[in-house]
Every structure is written in structure tokens, then in C-alpha cells.
Amino acid sequence: MAKANRVYKTEVPVKKNQEIQGEVIDITYQGMGVVKIDNFPIFVVDAIPGEVVNLSITKVLKNYAFGRVVTRVQESPNRAENVDKVAITTGIAPLANLKYEAQLTFKQHQIEQMFKKVNVEADVKPTLGMENPTKYRNKAQVPVQLINGRLETGFYRRGSHKLVPTEDFYIQDPKVDEAVIVTRDILRDLGISAYDEETNKGVVRHIMARRGYYSHELMVVIVTNTKKLPDAIEIATRLQAKLPELKSFIHNINNHDTNVIMGQWNETIWGANEIHDQLMDKDFVIGPNSFYQVNPQTTATLYTLAAEKAGLKKTDIVVDAYSGIGTITLSIADKVKKIYGVEVVETAVEDAEKNAKNNHIDNVEFVTADAPEQMVKWAEDGLKPNVVFVDPPRKGLTAELISAVSAMKPETFVYISCNPATLARDAVQILAEGFKIDGAVQPIDQFPQTTHVESITIFKRVTD
């Protein structure tokens, strides 16, 4: 008698180096085109929906494969022309091959699909875009490697640590790109070595540059594997001569075997310990390790809309979870009676308190703690905010935090999300805890040319 539970091996329909033709039917959240052969997905760089391509299979796994375009048989009308191929192959700007209007539609669709997946009904508005969706990033963290005996800066090729030398990052402020190139050239000239992660030898790991969009203040940080930066004073002198906007030059040490770019130890070689920038008429201190939104143009739109949708009143008590250096907290402080911010990073809280003082804001209170734990504590202590704002990292909210918010019984729960998948997942619990989605979800294109999308969802408590 045959075994009832026998498992038969399924034959994968493609092989490595095989050339096939297929229609691109979708884009992944990494910006790769999707071709299906017998329902088997093949992910293809620089292929967009509506195209028919001849492709070569580069890698085959159990449930999917990767391919590269050999020829384009039929081109999509949504394909952007004259795009820098490096921006796409490295993943700097994985959607740069898609016309901007199509990018905005893709991001709206991305959020719609995630809500659909969890069976939550939500109206999603068209994505709010930028007038100029390039050269917007105010910060760069660029890896350094020795290639053919020459110190290079650039971006890693997708899925590898192989550096592709790059000078124009397409989505970065040109002044930020210039600061990286000038620093690289000085390091080359002085013969300072690049860190080699295989041998664990060498000096420079990364060059970081950040610039105030409104202030035009520039910071350059050199991240090393060593405790000393050779020729630090000479580097500072040359940077000052080449970069007139320079306000701060910092040496950061990261001598751990980690994917984290910045270490926690900073030494100011020249100038100030931080720079300033303005956002929504407030002044913010930005240190080398500070989290500050990389696109302040759309950040102002994001926070203004969130505040409007929250319907803030002068009598409101507000909680801002994941408050960082206080950007949301301080931007809405003058609209409410009292606002509490919680942030786990101690230096960020120090910056937030400094920012409150600099802007003469005295109705805010910041706490250094893990947001979910502090929200539970506040709920237990009987804090009853009218409005709760959350702007969590990509992993979204914890069940404990959502339950704590529910226990506080705020009228309004404002969820600013950078990840549609975790937003949709969290929405299921938020709705189960006695809230409803109020109005449409509003996507905002905080990161044009990439697959990332921010959004604002307003939840209102259903009255008992």
C-alpha cells in the first residue's frame, strides 16, 4: 500500500545560465521586477511591469530565482529615460528606472496590498510626492575600500560587500556628495589606508557627511577602526580650505565586528560638536549620532499633516513615542497643553532637551526609556493623554505598547509608519483594542527613487 503522506520533489522550472523570455508582472519591495514561469518567481534587476524581456538566470534557489535582462523585447511606457545604471544596480535608487508618477502609484498600491493581506478595510489616498524627487538627502554614510591599490568611496553592489566607486549618488544633496569626494581625496593624498574587513586591518571604514537643508551647516565625520585618526589636524586644515560651509569635523571610532556604521565614541577634531538645522520654524541640534529625518522638505509636510489630522487642541495632553531628538514633540508643542516624549537613546534625549531649551519650549517632558516599557508604566500610573503619536522603526509596534495605549484611552492614536507591512499588522490589533480607522491613510514620498514610503493613519477610539 502507498504511503499516504509521501512528499514528491517539485522540479524547479529554470536552471542557472538558462535564457528565457517573460513578462514583468510586478515589482518587489526591493525594486526588482517579477517574472513568473509556471508560477515560479524570478526577480530581475532593472525590469518594470509592462515589459517583456529576454533574461538570463543568474541564481536558482528552492522557491525563487534571480535573473538579469539580456534584451528588452517590449519596453514599459512607465520607464524613465537616461537613468544612471549604477543607481539601480547598487540599490542607491532602485526605482529610478520608473517614471516618478508611476513610483507614487506603486507606493500607494504597496500600502493598499498590505491592508488587503490582513483583511483590514482602508481607503488609501494617492501618494504625496516632491516637486524635485532627486538630490534631497541631507546625510550620507559612505563605505571606504581599497580597490586596485586606490582608496575609493561608493556604494555596495546589491547583496554584496563589493564596492562600486561612485561620486554622484543621485538622491543626495550635491554639497553632501562634494564633502565625501573632498574628504576621500584628502585621505588618498595623505596615504591613509582603508579598513579591510577580511584582514581586520586598515584605518577608515566610512565617511559620513550631513548638511542642514535650511542652515547650510556642514558636518564631516570619519569613522575608523583605529583609536587614532592619522594626520587628523592636517585633514581638518584641508577640509576647511575646500569646504567653506564646514562647521564640524569629527572622528568616530567603530572597532567592533558589526554592520552598525557609527560607533558611540566621538572626538571633535575641529569646530563644533554638532550642527543646527531648522524644521517647522524650530531650531534643532544635530550631532554625529543623532537621528534626524534625511528629507526635511517632506518631513515638514508629514508632521504638519499629522498634526492637522490629529485635530490638536490647546487643552490636549499628548504622548509622543519614539520621540528621537524631539522633532515631532517640539513641532506640535505650541498647539497643546502638555506633551511627553519617550526615547531609548540617551544622547537623543539629551539633544531633545537641548532643542526644547533652545526653542524656549517649556510644556514638554522627555523620558529616557524603551517606548513599550514606558507606555506600560504611564498607563499603570494613570496617565490619560488625549492624543498619542507613534513613529516607530521599521519593525513597528509591540503588542504591549498597543495594549498600553488602549489602556490610556486616548481619543486619537496617530500612527506615522515607514513600513506598510508592520503598519497593517499593527492595525489588526489596534482595531481589536477598540479603535477604528478615521479617514483615509495618507502616503507621503519621504524617500523618492527608493521603495520606502511613509504614511499617516489616524485611529479614533470607539466610544464605550
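Within the protein one finds ten helices and 22 strands. Dimensions of the protein, computed from the C-alpha atoms along their principal axes, are close to 70 × 65 × 50 Å. When the 464 residues of the protein are sorted by exposure, 54% land in the buried category. Within the protein, counting contacts between residues at least 6 apart in sequence, those at least 24 apart form 64% of the total. A gap of 5 Å separates the mean positions of the 54 positive and 60 negative side-chain charges of the protein.

Turning next to the nonpolar core. In terms of nonpolar packing, the biggest core is built from 43 residues, with L187, I235, L239, L243 and F249 touching the most fellow members. At the level of elements, α1 (85-89), α2 (100-117), β6 (139-147), α3 (174-190), β9 (204-211), β10 (218-224), α4 (232-242) and β11 (246-253) are the ones that each hand at least two residues to this core. With 41 residues, the next largest nonpolar core counts L305, A348, A352 and V364 among its residues.

What follows covers the packing of aromatic side chains. Counting across every chain of the model gives nine aromatic pairs. Taken together, a centroid distance of 5.7 Å and an interplanar angle of 85 degrees make the contact between Y64 and F66 edge-to-face. Taking the relative accessible area as the measure of exposure, Y64 reaches 32% and is therefore partly exposed. Classification of F66 as partly exposed rests on a relative accessible area of 23%. With a centroid separation of 6.3 Å and an interplanar angle of 75 degrees, the aromatic rings of F155 and F169 are classed as edge-to-face. Residue F155 is located in strand β7 (residues 150-156), and its partner F169 is located in the loop between β8 (163-165) and α3; the two are separated by 14 residues in the primary sequence. Using a relative accessible area of 29% as the deciding quantity, one classes F155 as partly exposed. A connected cluster of aromatic rings, assembled from ring pairs, spans F43, Y64 and F66.

Below, the discussion takes up the side chain of E51. Relative to the elements of secondary structure, E51 occurs in the loop between β3 (40-45) and β4 (52-60). The exposure class of E51 is buried, given its relative accessible area of 0%. Within the structure, E51 has its side chain in polar contact with the side chain of R72 (distance 3.3 Å).

Turning to the environment of V203, a few remarks are in order. Tracing the backbone through its elements, the reader meets V203 in the loop between α3 and β9. For V203, the residues in contact, after removing those within four places along its chain, are I192, S193, A194, Y195, V223, T224, N225, T226, K228 and P230.

On to the side chain of S331. With respect to the secondary-structure elements, S331 resides in helix α6 (residues 327-332). Of the polar contacts made by the side chain of S331, one reaches the backbone oxygen of T327; its length is 3.1 Å. One polar contact links the side chain of S331 to the main-chain carbonyl oxygen of I328, over a distance of 2.9 Å. What S331 contacts, discounting residues up to four positions off in sequence, is M280, Y303 and G326.

Turning next to the packing of α2 against helix α10 (residues 420-432). Packed helices, taken two at a time, are described by the angle between their axes plus the distance between the axes. Here α2 crosses α10 at 35 degrees, and the two axes come no closer than 9 Å. Seen from above, α2 lies across α10 with right-handed handedness. In this structure, α2 contributes Q110, I111, M114 and F115 to the contact, and α10 contributes P420, A421, L423, A424 and A427. Broken down by class, the residue content of the contact of α2 with α10 amounts to eight nonpolar, one polar and no charged.

Before going further, it helps to spend a moment on a negative patch on the surface. Taken together, the side chains of D196, E197, E198 and D257 make up a negatively charged region of the molecular surface. If you trace the backbone, D196 turns up in the loop between α3 and β9.

Here α3 crosses α4 at 140 degrees, and the two axes come no closer than 10 Å. One way to sum up the angle between α3 and α4 is to call them oblique. Between α3 and α4 lies a crossing whose hand is right-handed. The segment α3 lies against α4, with E178, V182, T183, I186, L187, D189 and L190 engaging E234, I235, R238, L239 and K242. Taken together, the residues of the contact of α3 with α4 sort by class into six nonpolar, one polar and five charged.

On to the sheet that holds strand β1 (residues 19-27). One closed barrel accounts for five strands, arranged β1-β2-β3-β5-β4; its pairing is mixed. For this sheet, the mean angle separating the axes of adjacent strands, direction not counted, is 50 degrees. Bridge count between β4 and strand β5 (residues 65-74): eight bridges; the pairing is antiparallel. Note that in β5 the partner of K59 across the bridge is F66.

In space, the seven strands of this open sheet follow the order β8-β7-β6-β9-β10-β11-β12, with mixed pairing throughout. With one partner strand each, in any of the chains shown, β8 and β12 (265-271) form the two edges of the open sheet. Taking the axes of each pair of neighbouring strands and ignoring which way they run, one obtains an average angle of 35 degrees across the sheet. The sheet contact formed by β10 and β11 spans seven bridges and is parallel. Within β11, the residue paired with V220 across the bridge is F249. On top of the sheet, α4 reaches β10, β11 and β12; it is set at about 150 degrees to β11, its chief contact.

A word on unusual backbone geometry. The phi dihedral of N39 is positive, around 65 degrees, even though this residue is not glycine. Positive phi outside glycine occurs at Q449, with the angle close to 75 degrees. Within the secondary structure, Q449 is located in the loop between β21 (442-444) and β22 (454-461). Among the residues examined, Q449 registers a relative accessible area of 4% and is labelled buried.

Conventions adopted
- Residues numbered from 1 in each chain as written.
- Predicted model: local features only at pLDDT ≥ 70, side-chain atom pairs only at ≥ 80, totals over all residues.
- Heavy atoms only, no water.
- Helix = DSSP H or I, 4+ residues; strand = E, 2+ residues; numbered from the N terminus.
- Buried < 20%, exposed > 50% of the residue type's maximum accessible area, 1.4 Å probe, protein only.
- Contact = heavy atoms within 4.5 Å.
- Lys, Arg positive; Asp, Glu negative; His and termini not counted.
- Charge placed at Lys NZ, Arg CZ, Asp CG, Glu CD.
- Core = buried A, V, L, I, M, F, W, Y, C linked by side-chain atoms within 4.5 Å.
- Phe/Tyr/Trp six-rings, centres within 6.5 Å; stacked < 30°, edge-to-face > 60°.
- Polar contact = N/O pair within 3.5 Å; in protein donor to acceptor, adjacent residues only side chain to side chain.
- Axes fitted to C-alpha atoms, helices over the stretch in contact; angles between N-to-C directions.
- Left-handed = near helix turned anticlockwise from the far one by under 90°.
- Nonpolar A, V, L, I, M, F, W, Y, C, P; charged D, E, K, R; others polar.
- Patch = residues over 30% accessible without salt bridge, like charges linked within 9 Å, V, L, I, M, F, W, Y side chains within 5 Å.
- Areas by Shrake-Rupley, 256 points an atom, 1.4 Å probe, with all protein chains shown as cover.
- Salt bridge = Lys/Arg side-chain N within 4 Å of Asp/Glu carboxyl O.
- Parallel < 35°, antiparallel > 145°, perpendicular 65-115°, else oblique.
- Pairing = 2+ DSSP bridges.

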